[in-house]
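# Working through the structure, step by step
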Amino acid sequence: MSLFSVEYVYAPETDEARAQHRGAHRELLGAQTDPETVKLVASGPYTDGSGALLIFAASGEDAVNDVIKRDPFVSEGFVANAKVTEWDPVTGELSGYAS
């Protein structure tokens, strides 16, 4: 399993709409617990309200993209940009995921 960071940049003026869909968004992310395919390691919004960072352990980028496509924040158009990047944490608490 590799780690992938996903950076969301929220579309302008979507605060209320995101609040209405937050439960479904968190339910989908919280359901990602399969250690063989895709598992959510951490996620949360930036404190300035501009977006969010999600960290997944996954078998590959396609597995992460499949989750992101199903996220209501993405499918409803509340995310202007989602960037998926494979990440290799060589030190710290997540270094167990290093390649």
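Presented here is an overview of the structure given in this document. (Residues numbered from 1 in each chain as written. Predicted model: local features only at pLDDT ≥ 70, side-chain atom pairs only at ≥ 80, totals over all residues. Heavy atoms only, no water.)

### What about the layout of surface pockets?
Volume-wise, the largest pocket comes out at about 220 Å³. Elements with a contribution of two residues or more to the lining of the largest pocket: helix H1 (15-30), strand E3 (38-45) and strand E4 (51-58). Residue contributions to the lining of the largest pocket peak at six residues, all from H1. Its residues assigned to classes, the lining of the largest pocket comprises eight nonpolar, five polar and three charged. (1 Å grid on protein atoms, 1.4 Å probe; cavity = no way out; pocket = protein on both sides within 12 Å on 5 of 7 lines; lining within 4 Å. Points joined across faces, edges and corners; volume = space filled by probe spheres on them. Helix = DSSP H or I, 4+ residues; strand = E, 2+ residues; numbered from the N terminus. Nonpolar A, V, L, I, M, F, W, Y, C, P; charged D, E, K, R; others polar.)

### Quick word on the packing of aromatic side chains
Here the structure, examined in full by the defined rule, presents two aromatic pairs. Ring centres of Tyr10 and Phe73 lie 6.1 Å apart, and the angle between their planes is 75 degrees; on these two criteria the pair is classed as edge-to-face. Placement of the pair is Tyr10 in strand E1 (residues 2-10) and Phe73 in helix H3 (residues 72-75), with a sequence separation of 63 residues. Note on Phe73 and Phe78: the rings are 6.2 Å apart at their centroids and 70 degrees apart in plane angle, and the pair reads as edge-to-face. You can call Phe73 buried: its relative accessible area is 1%. By relative accessible area, which is 8% here, Phe78 ends up buried. Ring pairing ties together the aromatic residues Tyr10, Phe73 and Phe78, which thus form one cluster. For Arg18, the ring lying beneath its charged end belongs to Tyr10, and the centroid distance is 3.7 Å. (Phe/Tyr/Trp six-rings, centres within 6.5 Å; stacked < 30°, edge-to-face > 60°. Buried < 20%, exposed > 50% of the residue type's maximum accessible area, 1.4 Å probe, protein only. Lys NZ or Arg CZ within 6 Å of the ring centre and 35° of its normal.)

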